[in-house]
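Structural overview
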Amino acid sequence: MPRSSKFLLWVMFLPVAALAQTALPTGVKNVLNHRQLPEQSLSIYVENVRTGEPLLVWNENEPRNPASVVKLLTTLVALETLGPSFTWKTDFYINGEIRDEDLHGDLLLKGYGDPYLTTERLWTMLHAVRDSGIRRITGNLLLDDSYFQVADHDPAAFDNSPLRAYNVAPNALLMNFKVVRYNFAPAAAGGSVNVSLHPELENLQVVNRLSLTNGRCGGYQRGITITPSGNVDEMIFSGNFPSGCASYSMNRTALSHNDFAYGLVKALWNEMGGELSGGWQNATAPEHVAPYASFNSLPLGEIISRVNKYSNNVMARQLLYTLAAEKYGTPATEENGRQAIVDWLSDNKLGSESLRFVNGAGLSRDARMTAGHMGALLRYAFASRYMPEFVSSMSLSGLDGTLSRRFRDEALTGMAHIKTGSLDDVTAIAGYLQARSGERYIVVSMQNHRDVHRGSGQEVQEALMRWLFEQ
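Figured I'd write up the structure that's included with this text.

1. Describing the overall build of the protein
- Counting its secondary structure elements, the protein contains 10 helices and 19 strands.
- A globule of 471 residues ought to have a C-alpha radius of gyration of about 23 Å, and the protein, at 24 Å, matches this closely.
- In terms of principal-axis extent, the alpha carbons of the protein reach across some 75 × 65 × 40 Å.
- The buried share of the protein, taken over its 471 residues, is 53%.
- Total accessible area on the protein is roughly 19900 Å²; 45% of this is exposed by carbon and sulfur atoms.
- In the protein, 42 positive and 47 negative side-chain charges are present, and the distance between their average locations comes to 6 Å.

2. Examining unusual backbone geometry
- In this structure, proline 199 follows histidine 198 across a cis peptide bond, with omega equal to 0°.
- Structurally, proline 199 can be placed in the loop between β8 (193-198) and β9 (205-213).
- Cis geometry marks the peptide bond from threonine 330 to proline 331; its omega dihedral reads 0°.
- Looking at the secondary structure, you find proline 331 in the loop between α6 (313-328) and α7 (334-347).
- Phi at glutamate 101 takes a positive value of approximately 70°, unusual for a residue other than glycine.
- Residue placement: glutamate 101 occurs in the loop between β3 (89-99) and β4 (102-111).

3. Let's talk about the pattern of salt bridges
- Evaluation of the coordinates by the stated rule reveals 17 salt bridges.
- Among the ionic pairs, lysine 110 bridges to aspartate 144, the shortest N-O distance being 3.4 Å. Here the residue lysine 110 occupies a position in strand β4, and aspartate 144 occupies one in strand β6 (residues 141-144), the gap between them amounting to 34 residues.
- Ionic pairing is found between arginine 454 and aspartate 451, a salt bridge with its closest N-O pair at 3.2 Å.

4. Points about the sheet that holds β9
- An order of β9-β11-β10 is seen for the 3 strands of this open sheet, with the pairing classed as mixed. Either end of the sheet is taken by a strand with one partner, and the two such strands are β9 and β10 (224-229). Neighbour to neighbour, the strand axes of the sheet diverge by 10° on average, direction disregarded.
- Summarising the sheet, β10 and strand β11 (residues 234-242) pair through 6 bridges and their orientation is antiparallel. Bridge pairing in β11 links isoleucine 224 to glycine 239.

5. Brief notes about the pairing of β4
- By the criterion of burial, β4 is predominantly enclosed, with 9 of the 10 residues buried.
- Between the end of β3 and the start of β4, which pair antiparallel, lie 2 residues, with aspartate 100 showing a positive phi angle near 55°.

6. Considering the packing of aromatic side chains
- Under the criterion given, the structure shown has 12 aromatic pairs.
- With 6.0 Å between their ring centres and 50° between their planes, tyrosine 116 and phenylalanine 177 make a pair best called tilted. Here phenylalanine 177 lies in the loop between β6 and β7 (179-186) and tyrosine 116 lies in the loop between β4 and α3 (119-131), a separation of 61 residues in the sequence.
- Residue class for phenylalanine 177 comes out buried when judged on its relative accessible area of 18%.
- Each residue in the set Tyr182, Phe184, Phe237, Phe241 and Tyr248 is aromatic and connected to the rest through ring pairs, giving one cluster.
- Positioned above the aromatic ring of tyrosine 112, the side-chain terminus of lysine 89 is 4.8 Å from the ring centre.
- Above the plane of the ring of tyrosine 116 lies arginine 306, whose end atom (NZ or CZ) is 4.6 Å from the centre.

How each quantity is defined
Residues numbered from 1 in each chain as written. Predicted model: local features only at pLDDT ≥ 70, side-chain atom pairs only at ≥ 80, totals over all residues. Heavy atoms only, no water. Helix = DSSP H or I, 4+ residues; strand = E, 2+ residues; numbered from the N terminus. Rg over C-alpha atoms; globule rule 2.2 N^0.38 Å. Buried < 20%, exposed > 50% of the residue type's maximum accessible area, 1.4 Å probe, protein only. Areas by Shrake-Rupley, 256 points an atom, 1.4 Å probe, with all protein chains shown as cover. Lys, Arg positive; Asp, Glu negative; His and termini not counted. Charge placed at Lys NZ, Arg CZ, Asp CG, Glu CD. Salt bridge = Lys/Arg side-chain N within 4 Å of Asp/Glu carboxyl O. Pairing = 2+ DSSP bridges. Axes fitted to C-alpha atoms, helices over the stretch in contact; angles between N-to-C directions. Phe/Tyr/Trp six-rings, centres within 6.5 Å; stacked < 30°, edge-to-face > 60°. Lys NZ or Arg CZ within 6 Å of the ring centre and 35° of its normal.

In structure tokens, the structure reads:
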């Protein structure tokens, strides 16, 4: 199949067996009627894992926006293509001479797309470099993020929320998801509000215009308004913070990718007694030269758990670029990542002509797939040699991830491994449920309708899961 910038993927269509129940369960119908939701807004596919026979189908071939449920496709292809032990590396190069713990020159970092290069993991890497005999770096921090070629990205384009972590663009040197945690608390002297941030980035300026007001701890963002300034290198906090809040925290993005990387590296380096004199520059790592130090990421088997359980968008997008790099070489592009997905689906006869696959994360108004197609992917995954890794990457009902507060009762807690998905007017679930009888089922539900994400869609899913548990 030729590459194309279009998102429509044309491959084989998978028919569904005709022996399944085609009437909605009474509990599901009751919720739809009570919430005045049209039956045609809902698609369901349920299949017995042991027999392979569909148990319930409803609009299973209707293309719908799957939201984050599409991460199951991205992570399945990554797992099958790369294997659960696949790791990313981050390389450090020395551009200069080391004398008496002084690096007379530059420190260069090259990233290969590690989706989980958190502050804690970066600290471990830098500490190893520091322990190798370097304290003062007289030159600059050089950053090589050329492994990915990411198109111009507007973080406000999706929903006009440019500071939200889910809108962060991929980057080969992604650090801490480019996210800062802001902490707010009433000052001891009263009348004002203290603002602290973690990690503490000296190139990120905070302007505190918050006032403390009498009141209970509540309200959207506890009354805090955030206004970015400049190149997202200054955050202005204003509004009235209620005195009833002993503390409050929020995670928001800041700076450009390279500014963030420089600020984080410098903060951690200073914290461990080092000194970095210069600024940062883009650079390219030398070819055919061994790095001064190289560090591996967590294995893919652990990475996909963080992607699916907590529905991390930028991590899923990093996987897509990694698939592109591994199959088509570098620099990796989103288009080549999509093509890698298409190729895998075609090779395994798992495609659907109605699939529209955009960025691997489900953060799209244009993505489409059917419940029947997702059911076929889950059937394939359960027969895979990597089935345990794939299934355990999903949230466990009532216990963790995006399901930690759902299905928390004696019947359903711990009985289902499910990936959830939610956008405005979209709600979906897909995964596996073990029924009271001991039978295990594939279950997929996708619903697209105005305001269905505001709770009514979850009620439909709850009714479906309770019905299925009794089968």
